[in-house]
Amino acid sequence: MCSSEELEYPQKLLDYQCGFLVSKTMFTACELGVFDLLHEVQEPIAATTIASRLSTSVDGMERLLDACVGLKLLKVELKNNEGHYSNTDVSTLYLVKSSPKTLYHMITYYSQTTYKLWHFLPEAIREGKSQYERGFGISSKEVFEAIYRSEEEMLKFLYHMDTIWTICGKDIIQAFDLSVFCSVYDLGGCTGGLAKHFVSTYNETTVTIMDLPSVVQTAKKKFVTDEEQRIHFLEGDFFNDPIPEADLFVLARIIHDWTEEKCLNLLRKIYQSCRPGGGVLLVEVLLNEDRSGPLTSQLFSLNMLIQTEGRERTPTEYTKLLADSGFRDIEAKVTGKLYDVILARK
């Protein structure tokens, strides 16, 4: 039950109402280069200097900086009655574009794509389908064609997909003991971000990333170094092309994109290519069995409606998909980070 205090003044509802104001403030500061500039100068500087360097109005920039201070993304100190701003430790680590753990690319994707599509959430609920056509004039089936039409567009998407593994990839790979699997295929593994955690954790493991030809070519040029000898690439479409044999198949953020029918078709195909005693590792955000949370998973499921033909699922729902595909000994683990893990064996 709500307390009388909550009924008297609905602080939580007021906070929720302003939620998009918070996210767009952070998005804008990232896109304008505020955190990068402050990292570059390495000392507190005035709003007038920041505005001049970033070609914005002084008034607008000062308001943005103050809001970032309120969000604890920036620090401010007064010098001669003028605010001088600098990054917090968290912003330096996660919002500066050049940081090894930067979330910059994910944030700009959310700002330029996700934020725009969520304007059409009421339509998505009414119609039960993706809103790419309203938001960008293309169908959800044409999204990848649009993303891959130029290397610039592709890089934006690949950096976005790669970002999360810098902060939770290790937890995913260590959720289960995967040392018994020597030959691993990461289907739709993009840049090799998760594969790098595999080979650094398990010395005998070789990982092959199977992805579309344009993705593979870009990943080999931009993301995987020559020193990473145990990471290989295979060009192909795992829905339509043959999948080679392996001990373990990884599907990270793949199953939640698709309908039940497509998921079953893919998992059954993987089962046929999986060696006896091998398995499949699903990496997804899990809903509670009673669908009461976590809130992030619930919001992500709405996002799947808006952007794809898929959904987020409970452990039981994933277990049924895997069991109906022939897999057994299915175990789910919540990592405590953004993504959770399910391991099933053949």
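Per chain, the residues get numbers from 1 upward, laid out in the order the sequence is written. Owing to the predicted nature of the model, reporting of local features is limited to residues with pLDDT of at least 70; listing and counting of side-chain atom pairs is limited to 80 or more, with chain, interface and lining totals taken over all residues. In computing side-chain properties, one takes all heavy atoms of the structure into account and sets aside hydrogens as well as water.

This is how it is decided: UniProt positions are given in the numbering used here, feature names are shortened, and annotations may be inferred rather than shown by experiment.
Taking an unreviewed UniProt entry as the reference, the protein is identified by name as Acetylserotonin O-methyltransferase belonging to Engystomops pustulosus. You can read under Subunit (unreviewed entry) in the UniProt record for the protein the words "Homodimer."

1. A look at the nonpolar core
How we decide: Side-chain atoms within 4.5 Å link the members of a nonpolar core, which is a set of buried Ala, Val, Leu, Ile, Met, Phe, Trp, Tyr and Cys residues. Burial classes: relative accessible area under 20% of the type maximum marks a residue as buried, over 50% as exposed, and values in between as partly exposed (1.4 Å probe, protein chains only). Segments assigned H or I by DSSP are reported as helices when at least four residues long, segments assigned E as strands when at least two residues long, and all are numbered from the N terminus. Whether two residues are in contact is decided by their heavy atoms, any of which lying within 4.5 Å being enough.
The biggest cluster of nonpolar side chains holds 48 residues, and the ones touching the most others in it are W165, I172, L178, F198, L248, L281 and Y339. Counting residues per element, this core draws most heavily on helix α12 (residues 151–163), which supplies five residues. Setting aside residues no more than four positions away along its own chain, Y339 makes contact with I164, W165, C168, I172, R253, V283, E284, V285 and F300. Ranked by size, the runner-up nonpolar core spans 26 residues in total, among them I255, I270, C274 and A344.

2. Topic: the UniProt feature "active site" (unreviewed entry) in the protein
Test applied: Whenever a nitrogen or oxygen atom comes within 3.5 Å of another N or O atom, the pair is scored as a polar contact, on the condition that within protein one atom can donate a hydrogen and the other can accept it, and that pairs from neighbouring residues in sequence are kept only if both atoms are in side chains.
Sites flagged by UniProt as "active site" (unreviewed entry) map to H256. Inspection of the secondary structure puts H256 in the loop between β7 (246–252) and α16 (260–273). With residues near it in sequence (within four places) discarded, H256 still touches E284, M304, T308, G310, R311, E312, R313 and Y318. A polar contact of 3.4 Å, which involves the side chain of H256, links it to the side chain of D257.

3. Looking at the pattern of salt bridges
As a reminder, the rule being used: Each reported salt bridge corresponds to a side-chain nitrogen of Lys or Arg within 4 Å of a carboxyl oxygen of Asp or Glu.
Summed over the entire model, instances satisfying the criterion amount to eleven salt bridges. One salt bridge in this structure joins R53 and E40, with 3.0 Å as the shortest N-O distance. Of this pair, R53 sits in helix α5 (residues 47–54) while E40 is found in helix α4 (residues 34–41), placing the two residues 13 residues apart along the sequence. E40 sits in the exposed class, given a relative accessible area of 55%. Note that R63 and D59 form a salt bridge whose closest N and O atoms lie 2.9 Å from each other. Separated by four residues within a single helix, R63 and D59 lie in helix α6 (residues 58–70), roughly one turn from each other. Residue D59 is classed as partly exposed on the basis of its relative accessible area, which comes to 43%.

4. A few points about the UniProt feature "domain: O-methyltransferase dimerisation" (unreviewed entry) in the protein
According to UniProt, the positions carrying the feature "domain: O-methyltransferase dimerisation" (unreviewed entry) are residues 15–96. This span, residues 15–96, is 63% helix and 17% strand, and a straight line between its end C-alpha atoms measures 27 Å.

5. Regarding α16
Note the following rule: Take the number of residues in a helix, subtract one, and multiply by 1.5 Å to get its expected span.
With 14 residues, α16 extends 20 Å between its outermost C-alpha atoms, agreeing within 8% with the 20 Å of an ideal straight helix rising 1.5 Å per residue. Those residues of α16 that sit buried are C263, L264, L266, L267, I270 and S273.

6. Considering the environment of E82
Among the structural elements, E82 can be located in strand β3 (residues 82–87). On the basis of relative accessibility, which here comes to 32%, the residue E82 falls in the partly exposed class. With 36 residues separating them along the chain, E82 and A46 place their C-alpha atoms 7.0 Å apart. Leave out the neighbours within four places in its chain, and E82 touches A46, T48 and E77.

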